[in-house]
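Listed here are the chains, written in short residue letters.
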Amino acid sequence: MNPPDPGRPADVCLLLEGTYPYVQGGVSSWMHQIVTELPEVTFALFFLGSTRDQAREKKYQPPPNVISLTEVFLFEQLPLEELAPAPVSDTDPRRVYGALQAFYFAAADDARLAAFWGVLDALDRVEATGGRFTFGNLLHDEAAWNLLARATEEYAPDQSFIDFFWATRFVHLPVWIALQARRRLPAARLYHSVSTGYAGMLGAVAARRHGAPYLITEHGIYTKERIAEISQATWIYDPPSRYFDVTEGLGAFKQLWIDLFMFLGEVSYAGAGRIISLFEGNTHLQVEYGAEARRLEVIPNGIDPAKFDAALAKRNARLARGLGDEIVIGFIGRVVPIKDVKTLIRAARTVIAREPRAVFQLIGPTDEDPDYFEECRQMVTLMGLGQKVRFLGPQNVREIMSGLDVCLLTSISEGLPLIILEAFAGGVPCVATDVGACRELIFGRTAADKAIGRAGLLTKICSPIDTAEAVLRVIASAENLLTMGQVGRTRAERHYRQTEIIGRYRQFYTDHRWNQDHATAAGKEGS
Amino acid sequence: MAGIGFQLTRLMQKRTFAGGLQAYGYAALIGSGPWVLSMVTLAVLGTVLARAGRAGDLDVFFVAVTHIFAFSLIATGPLQLILSRYAADAVFARKPELVFPSLLAGLALVLGLGAAGGLTFFIGFVPAPPLFQFAAAGVLMVVSAIWVGAVYLTAVRDYSAVLRCFALGYGVSFLAAWALSRGWGIGGTMAGFLLGQLVLLLAIVRVIFAEFGRAAAPSFAFLAYFKQHRALAGCGLAYNLGIWIDKPLHWWFSPHSHRVAGALWASPLYDQAVFLSFLSVAPGMAVFLLTLETTFAGRYTEFFRLVVEKGTLGEIKRTKLEMAAALRAGLVQLLKFQGATTLALVFAAAPLLEALGLGAVQTLVFQVTLIGVFLLVLFLALLTVLFYLNRITDALICCTAFAVVNLAVTVAGLMLDERWYGLGFTAAAATAIVIATGFVNRAMHRLEYETFTSQPLYP
């Protein structure tokens, strides 16, 4: 793949943190689809990875309209010239430290954000005047130490200093590497990052440097995911609490990391003209993490319903003859704890006790968490459900869909589950826990969408009884199954059509009028 | 889900404090080092010999010993500090088995070089009976070896054993020198002295063997330290030069000096008064070493313990202030004791030196150098602190200034007249104090900053 050509700006620069084209996953396949289905748009990829190891081989082959690929690794060792402090005579670092001071001790979020740009401007100015300022300066300068000492007094006076010292070093290191990469940002007419975090911050930096609009799409909520990770991390020193104090919450060092990611989120959101999430529920989280409500927009994942036409026809023909000898309830997904398959099995027992025709098919890979799968299998055996609850392993979803009467999902946590859209396309009603986008999918999001009807039922998480009752209600009659299935199909056709969703991104990419509000607002801020 | 999450685990684990708290044996070595021993020996020897009245022959013996002490100390200065650093690192790295082989190698080195230098000098440039020439060369070898051994003695806990060694060694030296002088003249005196020094060396090696002893072959691994620790080696040289340089200058360039035998010169007007004034260091050294050991070193250890064992920045800073307070208290204590001793001796100088048979010029030199010794003790205290704080380059600058000022002002004094004698040494110590105070202040002020920021980002 080519390095970026400054003379030929791309239409869109994608900022990709730990995802396309090197890492497999939902976000990556979505990205690949957009890139592939918009051949008239040129893309420059800007990949942020942890270490070079992560980017040995591409999991997706980018199409020819991807004109460049830049890689940055945030956890690679710094080169020596970055570790050695540049001599003070080389530059005037006072401006940088003044800006840093304003940043660390800002009284309010707005002031901190302004100070962040102040720091970047100061660094750019050092460079513009022929000077140098390295990470080594931050490591060794007395001015940096004085800032650290003051920050310690202010934010962590009672903490183990050696841990605070190292924590501050390592909190800053990847941010520094990411910011240094700002010089390598390819020129583009628009910047689009698919997360907040380091990539989101760089997106905001890029948009500001190149005076281009900036768009964020979040599948999960990055800040929230990082906070969950940090809370459970064992590599961060958690000082033992001297008293039993439940109000204390997380240790100061975990808080430091959380503050970092919260801030990266704020910078990202503040710089973006539009912030897109997959479903309504996530927009609330984005607001909570600092996004301005009027810039939010929902663009769900899409599907091509036509691909399920055959399955739909076959199923409708079957149900037209009434309920069969078997009523098939399908679970499609990985057998892992987050899907809470155990609740599903417990619910199955109740359903089968009340409706002997019910049969459960568990479709999907079982090798990701073998222990959990084994526990599930034993549960089935112990409950004597071996005949009625079957693990089928991975299957072709389009083929199996016509055989299902209901699709069941008991996940503890979800984003926008593609499987529900696939079930809808195949005319299969869904019973799902009330997490992620499930409510919007099954009951509808907008008023017009809700008016279509209900394509299934919602249940409480970890509740076998609730789940069983919902399933029993849905499978009460063939008629019910057909009506709800039709609602799902209609919803998928009207609101989740792949082509329309790609079209919305085409619109974003080619017509930048959506950014006018933001551009004028930013202009006012600047003046 | 997009995002890299954390790959820091590997980086963060096992990240604590590298280095820092080391048993810097040479801190104590500088304070109580071989030079004190040599000065005391010379003062006692000089006085005893002067009283004995048989000046002529014995003069050669005394002057030869003076030369041997002066040159052996200057020559082994760098090696002393290098070996002490090597031994300290070995102990810190929990490899005490490396210590004894380095001693053996160090001894082999100085014995070899001492033999070459001693034989060349005494046979080539000092007309005297062959027994004297060979015995003197032997004394140069053995005394140099003793300075090397003394490095390791600072790490030996059993102080009384060390004292017994010296009592035994010098006892044998004096007795044998006296006994052998009857039949063999000054050759016998030197041979007797050599015998005692040899006993002392063996006793020292035995004590060190008891502490670190493993049967092991000599290892010259420490030689690499000369490359890695140039400033430290430089300190050893400059520091001993600073203490001694005024004496040879007086031997060679003073109008009052005379040739004793061949290349051996003496300047009795200067030498005896200077050696005598060095006797006054005892109270100051004792007091300072005591406060250093009990309060300063304690706070110093506590400082690094807090750094490593998760102290808060407030606690760390507080301990540093306590360290500074302990240092100030120690210096004040030193000023009091050493000041009182010096003052008393300055006032009692005239009758005291008259009783020893010394004249008015010598009294003046004695008074001036008494003040010089007082200042030297203060300088030593500050230098010790610089070593504790690992400010080796700063220490080198101080020591170099000490040596250079001594050289320059002594030469200037020799060009003027007797009233300026001894001022070189005193002015050098004063200059060194001023510089060292600045460095200590700075080092203390920046202690936590340097302690932390010197930690490398990647191990």
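Residues numbered from 1 in each chain as written. Chains lettered and ligands numbered in written order. Predicted model: local features only at pLDDT ≥ 70, side-chain atom pairs only at ≥ 80, totals over all residues.

Caption draft 1: The overall build of chain B, seen in detail. Along its length, chain B carries 17 helices and two strands. A separation threshold of at least 6 residues defines the contact pool for chain B, and within that pool the share at least 24 residues apart is 80%. (Helix = DSSP H or I, 4+ residues; strand = E, 2+ residues; numbered from the N terminus. Contact = placed C-beta atoms within 7 Å.)

Caption draft 2: Geometry of the overall build of chain A. From N to C terminus, chain A includes 22 helices and 13 strands. Relative to the 2.2 N^0.38 estimate, which gives 24 Å for 527 residues, the radius of gyration of chain A is 26 Å and therefore close to what a compact globule would have. Each principal axis of the C-alpha distribution contributes one length, and for chain A these read about 85 × 60 × 40 Å. Burial analysis of chain A (527 residues in total) assigns 46% to the buried set. Long-range contacts, defined here as pairs at least 24 residues apart, represent 74% of the contacts in chain A between residues at least 6 apart. (Rg over C-alpha atoms; globule rule 2.2 N^0.38 Å. Buried ≥ 20, exposed ≤ 12 C-beta atoms within 10 Å, placed from the backbone.)

Caption draft 3: Local environment of the pairing of strand 1 (residues 258-261) of chain B. Residue and element names in this part refer to chain B. Direction of pairing for strand 1 relative to strand 2 (residues 264-266): antiparallel, over a ladder of three bridges. Bridge pairing links alanine 261 to leucine 264 in strand 2. Linking two consecutive strands that pair antiparallel, namely strand 1 and strand 2, is a turn of two residues; a positive phi of about 55° is found at glycine 262 within it. (Pairing = 2+ DSSP bridges.)

Caption draft 4: Quick look at the sheet that holds strand 1 (residues 12-17) of chain A. Residues and elements named next belong to chain A. Spatial ordering of the open sheet is given by 3-2-1-4-5-6-7, a layout of seven strands whose pairing is parallel. Bordering the open sheet on either side are strand 3 (66-73) and strand 7 (296-298), each of which pairs with just one other strand. Geometrically, the sheet is characterised by an average inter-axis angle of 20° between neighbouring strands, direction not taken into account. Alignment of strand 1 against strand 4 (residues 191-193), held across three bridges, turns out to be parallel. Residue leucine 15 lies in a different strand from strand 4, and its bridge partner there is serine 193. (Axes fitted to C-alpha atoms, helices over the stretch in contact; angles between N-to-C directions.)

Caption draft 5: Focus on the environment of aspartate 340 of chain A. Residue and element names in this part refer to chain A. Structurally, aspartate 340 can be placed in the loop between strand 8 (327-332) and helix 13 (341-354). Judged by the 21 C-beta atoms lying within 10 Å of it, aspartate 340 falls in the buried class. Sequence separation between aspartate 340 and proline 429 is 89 residues; the distance between their C-alpha atoms is 20 Å. Among all residues touching aspartate 340, those that are not within four sequence positions of it are Thr410, Ser411, Ile412 and Cys462.

Caption draft 6: Examining the sheet that holds strand 9 (residues 358-363) of chain A more closely. Residues and elements named next belong to chain A. Read across the open sheet, the six strands follow the order 10-9-8-11-12-13; overall the sheet is parallel. Each edge of the open sheet carries a strand with a single partner, namely strand 10 (389-393) and strand 13 (456-459). On average, adjacent strands in this sheet sit at an angle of 20° to one another, irrespective of strand direction. As judged from the two bridges shared by strand 8 and strand 11 (residues 406-409), these two strands associate in the parallel manner.

Caption draft 7: Spatial organisation of the nonpolar core. In this structure, Val139, Met190, Phe379 and Phe402 of chain B are the most contacted members of the largest nonpolar core, which totals 242 residues. In this structure valine 139 of chain B touches Val65, Ile68, Met190, Phe193, Leu194 and Gln197 of chain B, once residues within four positions along its chain are discounted. Ranked by size, the runner-up nonpolar core spans 60 residues in total, among them Leu278, Val406, Met484 and Tyr496 of chain A. (Core = buried A, V, L, I, M, F, W, Y, C linked by C-beta atoms within 7 Å.)

Caption draft 8: A look at helix 16 (residues 418-425) of chain A. Residues and elements named next belong to chain A. Counting buried residues in helix 16 gives seven out of eight residues, a clear majority hidden from the surface. Those residues of helix 16 that sit buried are Ile419, Ile420, Leu421, Glu422, Ala423, Phe424 and Ala425. Its buried side turned inward, helix 16 meets strand 8, helix 15 (397-401), strand 11, strand 12 (430-433), helix 17 (438-443) and helix 20 (478-495). At the C-terminal side of helix 16, glycine 427 shows a positive phi close to 75°.

Caption draft 9: Summary view of the packing of helix 13 (residues 313-355) of chain B against helix 14 (residues 360-388) of chain B. All names here are of chain B. Contact geometry for helix 13 and helix 14: axes closest at 9 Å, N-to-C directions at 170°. In this view, helix 13 runs roughly antiparallel relative to helix 14, as classed from their interaxial angle. Relative to helix 14, the crossing made by helix 13 is right-handed. Touching Leu327, Gly330, Leu331, Leu334, Gln338, Gly339, Thr342, Leu345, Val346, Ala349, Ala350 and Leu353 of helix 13 are Gln362, Thr363, Phe366, Gln367, Leu370, Ile371, Phe374, Val377, Leu378, Ala381 and Val385, all from helix 14. Taken together, the residues of the contact of helix 13 with helix 14 break down into 16 nonpolar, seven polar and no charged. (Parallel < 35°, antiparallel > 145°, perpendicular 65-115°, else oblique. Left-handed = near helix turned anticlockwise from the far one by under 90°. Nonpolar A, V, L, I, M, F, W, Y, C, P; charged D, E, K, R; others polar.)

Caption draft 10: Representation of the packing of helix 12 (residues 309-320) of chain A against helix 20 of chain A in the model. Residues and elements named next belong to chain A. It is the contact of helix 12 with helix 20, at a shortest axis distance of 10 Å, that shows an interaxial angle of 160°. In terms of their interaxial angle, helix 12 and helix 20 are classed as roughly antiparallel. Helix-helix and strand crossings are classified by hand; for helix 12 and helix 20 the assignment is left-handed. For the pair helix 12 and helix 20, the contacting residues are Leu312, Asn316 and Leu319 in the first and Ala478, Leu481, Leu482 and Arg489 in the second. Of the residues in the contact of helix 12 with helix 20, the class split is five nonpolar, one polar and one charged.

Caption draft 11: Looking closely at unusual backbone geometry. All names here are of chain A. Geometrically, the link from tyrosine 20 to proline 21 is a cis peptide bond, its omega value of 0° lying close to zero. Inspection of the secondary structure puts proline 21 in the loop between strand 1 and helix 1 (26-37). Positive phi is not limited to glycine here, since aspartate 340 has a value of about 50°. The phi dihedral of cysteine 462 falls on the positive side, at around 60°, and the residue is not glycine. Topologically, cysteine 462 is positioned in the loop between strand 13 and helix 19 (464-474).

Caption draft 12: Up close: the confidence of the model for chain B. All names here are of chain B. When pLDDT is averaged across chain B, the result is 83; 88% of the residues are at 70 or more. Under a pLDDT of 50 for its full length, residues 1-31 has, in the predicted model, 89 contacts with residues more than four places off or in other chains. Quick note on the complex model: pTM equals 0.79, ipTM equals 0.77. (pLDDT = per-residue confidence, 0-100.)

Caption draft 13: Spatial organisation of helix 19 of chain A. All names here are of chain A. Turning to helix 19, its buried residues are Pro464, Thr467, Ala468, Ala470, Val471 and Val474. The buried residues of helix 19 occupy an angular sector of 165° when projected down its axis, which confines them to one face. Turning to helix 19, the residues buried within the fold contact strand 8, helix 13, strand 11, strand 12, strand 13 and helix 20. (Arc of directions from axis to C-beta.)

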